[in-house]
Amino acid sequence: MGSPQDRRPRVLIAGGGIAGVEALLALRVVAGPGPSIELFSTGPDLAYRPLRVTEPFGLGEMERFPLADIAADQHAAFRLDALTSVDGPARRVRLRGGEWLSYDALVMATGATAHNAVPGATLFHGRGGTNDLAAALDSARQGRIGRLAFAVPAGVSWPLPLYELALLSAWRLAEDGVSGVAISFVTPEREPLELFGAEAGRAVRALFAEREVELLVGTVPAQAGGGRLELAEGGHVPADATFTVPRLEGRRTIGLPAGPDGFIPVDAHGRVSGLEDVYVVGDGADYPVKQGGLATQQADAAAEAIAARLGLHDEPQPFRPVLRATLLTGSAPLYLSASLCDDETPPEVAERPSWPEPGKVAGRHLGPYLAELERWTG
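Residues numbered from 1 in each chain as written. Predicted model: local features only at pLDDT ≥ 70, side-chain atom pairs only at ≥ 80, totals over all residues. Heavy atoms only, no water.

**Student:** Just to check I follow, could you spell out the nonpolar core for this structure?
**Tutor:** One broad trend across soluble globular proteins is that nonpolar side chains are buried collectively. In terms of nonpolar packing, the biggest core is built from 50 residues, with Leu148, Phe150, Phe185, Phe196, Leu327 and Leu336 touching the most fellow members. Among the elements that line this core, the one with the most residues is helix α4 (residues 160-175), at ten residues. Beyond its immediate sequence surroundings of up to four residues, Phe185 is in contact with Phe150, Val152, Leu162, Tyr163, Ala166, Phe208, Val213, Glu214, Leu215 and Leu216. Core analysis: the second largest hydrophobic core is formed by 37 residues, Ile18, Ala23, Ala305 and Ala307 among them. (Core = buried A, V, L, I, M, F, W, Y, C linked by side-chain atoms within 4.5 Å. Buried < 20%, exposed > 50% of the residue type's maximum accessible area, 1.4 Å probe, protein only. Helix = DSSP H or I, 4+ residues; strand = E, 2+ residues; numbered from the N terminus. Contact = heavy atoms within 4.5 Å.)

**Student:** Just to check I follow, could you spell out the pairing of strand β7 (residues 92-95) for this structure?
**Tutor:** Within a regular strand, the side chains alternate between the two sheet faces. Residues Val93 and Leu95 point to one face of β7 and are all buried, whereas Arg92 and Arg94, pointing to the other face, are not buried. Here strand β6 (residues 83-87) folds back onto β7 in antiparallel fashion, the turn holding four residues, of which Arg91 has a positive phi close to 50°. Hairpin remark: β7 followed by strand β8 (residues 100-102), antiparallel, with four residues in the connecting loop; positive phi at Gly98, about 105°. (Pairing = 2+ DSSP bridges.)

**Student:** Looking at this structure, I do not really get helix α1 (residues 18-31). What am I missing?
**Tutor:** Since the α-helix turns once every 3.6 residues, residues separated by three or four places project in the same direction. For α1, spanning 14 residues, the distance from its first C-alpha to its last is 19 Å, which sits close to the expected 20 Å at 1.5 Å a residue. Trailing α1 by a residue or two, Gly32 shows a phi angle of about 65°, which is positive. (Expected span 1.5 Å × (residues − 1).)

**Student:** What should I look at first to understand the pattern of salt bridges in this one?
**Tutor:** Side chains bearing opposite charge may pair, as long as their charged atoms lie close to each other. Per the counting criterion, the structure on display carries 19 salt bridges. In this structure, the salt-bridge partner of Glu230 is Arg228, at a minimum N-O distance of 3.5 Å. With relative accessibility at 32%, the residue Arg228 sits in the partly exposed group. When salt bridges with common partners are traced through the structure, they connect Arg10, Glu38, Arg79 and Glu99 into a single cluster. (Salt bridge = Lys/Arg side-chain N within 4 Å of Asp/Glu carboxyl O.)

**Student:** Just to check I follow, could you spell out the pairing of strand β21 (residues 322-327) for this structure?
**Tutor:** With six bridges joining them, β21 and strand β22 (residues 334-339) adopt antiparallel strand pairing. Residue pairing for β22: Leu327 is matched across the bridge by Leu334.

**Student:** So what exactly am I meant to see when it comes to the environment of Gly32 here?
**Tutor:** By the secondary structure assignment, Gly32 is in the loop between α1 and β2 (36-41). Once the C-alpha coordinates of Gly32 and Gly155 are considered, the two residues, 123 residues apart in sequence, prove to be 40 Å apart.

**Student:** Quick question: what am I supposed to make of the packing of aromatic side chains here?
**Tutor:** Aromatic ring pairs are reported here in terms of the distance separating the ring centres and the angle at which the planes meet. Applying the stated criterion across every chain, the model contains seven aromatic pairs. Here Tyr163 and Phe185 contribute two aromatic rings whose centre-to-centre distance is 4.2 Å and whose plane-to-plane angle is 35°, an arrangement assigned as tilted. With a gap of 22 residues between them, Tyr163 in helix α4 and Phe185 in strand β13 (residues 182-186) connect regions that are remote in the sequence. Summarising the burial analysis for this pair, Tyr163 and Phe185 share the class buried. Note on Phe185 and Phe208: the rings are 5.4 Å apart at their centroids and 65° apart in plane angle, and the pair reads as edge-to-face. With Phe185 in strand β13 and Phe208 in helix α5 (residues 198-211), the pair connects residues that are 23 residues apart, well separated along the chain. Taken individually, Phe185 and Phe208 each receive the classification buried, so the pair is uniform in this respect. Among the aromatic residues, those joined into a ring-pair cluster are Tyr163, Phe185 and Phe208. (Phe/Tyr/Trp six-rings, centres within 6.5 Å; stacked < 30°, edge-to-face > 60°.)

**Student:** Got a minute to help me understand the packing of α1 against helix α6 (residues 292-309) in this structure?
**Tutor:** Between two packed helices, both the angle of their axes relative to each other and the distance between the axes serve to describe the pair. Axis separation between α1 and α6 bottoms out at 8 Å; the angle between their running directions is 35°. For the crossing formed where α1 meets α6, the hand is right-handed. In this structure, α1 contributes Ile18, Ala19, Glu22, Ala23, Ala26, Leu27, Val30 and Ala31 to the contact, and α6 contributes Gly292, Ala295, Thr296, Ala299, Asp300, Ala303, Glu304, Ile306 and Ala307. A breakdown of the residues in the contact of α1 with α6 according to their chemical character gives twelve nonpolar, two polar and three charged. (Axes fitted to C-alpha atoms, helices over the stretch in contact; angles between N-to-C directions. Left-handed = near helix turned anticlockwise from the far one by under 90°. Nonpolar A, V, L, I, M, F, W, Y, C, P; charged D, E, K, R; others polar.)

**Student:** Would you take a moment to explain the sheet that holds β6 for this structure?
**Tutor:** Backbone-to-backbone hydrogen bonds join strands into a sheet, with any given pair of strands oriented parallel or antiparallel. Spatially, the three strands line up as an open sheet ordered β6-β7-β8, and their pairing is antiparallel. Among the strands making up the open sheet, the edge pair consists of β6 and β8. When strand polarity is set aside, the average angle formed by the axes of neighbouring strands in this sheet is 25°. Taken together, the four bridges between β6 and β7 define a ladder with antiparallel strand orientation. Looking across to β7, one finds that Val86 is bridged to Val93.

**Student:** What exactly am I supposed to notice about helix α3 (residues 130-141) here?
**Tutor:** Over its twelve residues, α3 runs 17 Å from end to end, which matches the ideal 16 Å to within 8%, given 1.5 Å per residue. Burial in α3 covers these residues: Thr130, Leu133, Ala136, Leu137, Ser139 and Ala140. In this fold, the buried residues of α3 make contact with β12 (147-151), α4 and β18 (241-244). Looking at the residues trailing α3, positive phi occurs at Gly143, about 80°.

**Student:** Would you explain the environment of Arg64 in this entry?
**Tutor:** Assignment of secondary structure puts Arg64 in strand β4 (residues 63-66). Residue classification places Arg64 among the partly exposed positions, given a relative accessible area of 43%. Sequence separation between Arg64 and Asp267 is 203 residues, and the spatial gap between their C-alpha atoms is 32 Å. Residues in contact with Arg64, not counting those within four places in the same chain, are Asp45, Leu46, Ala47 and Arg127.

Here it is as structure tokens:
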């Protein structure tokens, strides 16, 4: 509970990424000024990573937004710190420096850890991989290398950024008048971007054919090196440089349950199994698809559930995942959507977005908020 001087309900949000900021914004919308909110992060900025795929091609760069400013704008407190353990029965958390804080509701949005599941390949994640891919493209322009591979590891549920890197690489080299560079794309999926259905698969196949990118589906990459990408099924793909995306593992926190892979089991409102008033949203939750837009939907569901528990909101809606994505191609982007619920809504591939939120991540509150920030600061 709050201090004697502040009897407002206290909500703690651990994590300053997309899911954590969406939870903050959603709470202020559905709960109003009622709760006292404190946001924790190990870094000072919200790093808007979806646009990082454009950096090696000179088309843009990852954007950063100061979390202290966002928190102040939402009448919330902010501190640079990490949460190390949760005492659920006592409703309190311990911070890295040893301080204990009480809460009425806790939102964990601390994400997951990334692992390279293709030994020898360059991992494109966080700040890593950007300069390596730019260097590989320069080497291809100068004729020093002639074979690039992009490898989706087994167990990765969100490979779309790697599709963008392959398409943008082929586009950039063609724009620069470079020919004769072989580009291969290897994925365990049965069809390209299979989460989005058959139409998306056909669209991606057509783009790959147009850009002369070799596509190998139903194929698991094993390791890279020595001028080749070895395949788990046997055989190899010639590759002077191979790029991959990470396989994720949950970040374990003392006091919270976790499955074998570290992800935390939650219900349809993000509430942690066996604990009251503790919610996990984003990559740390045990929902199998890890994607920024879905993380914002999880945060919205948790915010409504928290507001309802505090008596500030009626009828919280559960997480009903709808996957939305913008596929950057170098030419016109494609807008993809697919319901991951058990309903009859068909997937969609379009040249214009069917959702109202601007931005690469389709967050109900985050997209419009960041767009407004850019207008003010731009």
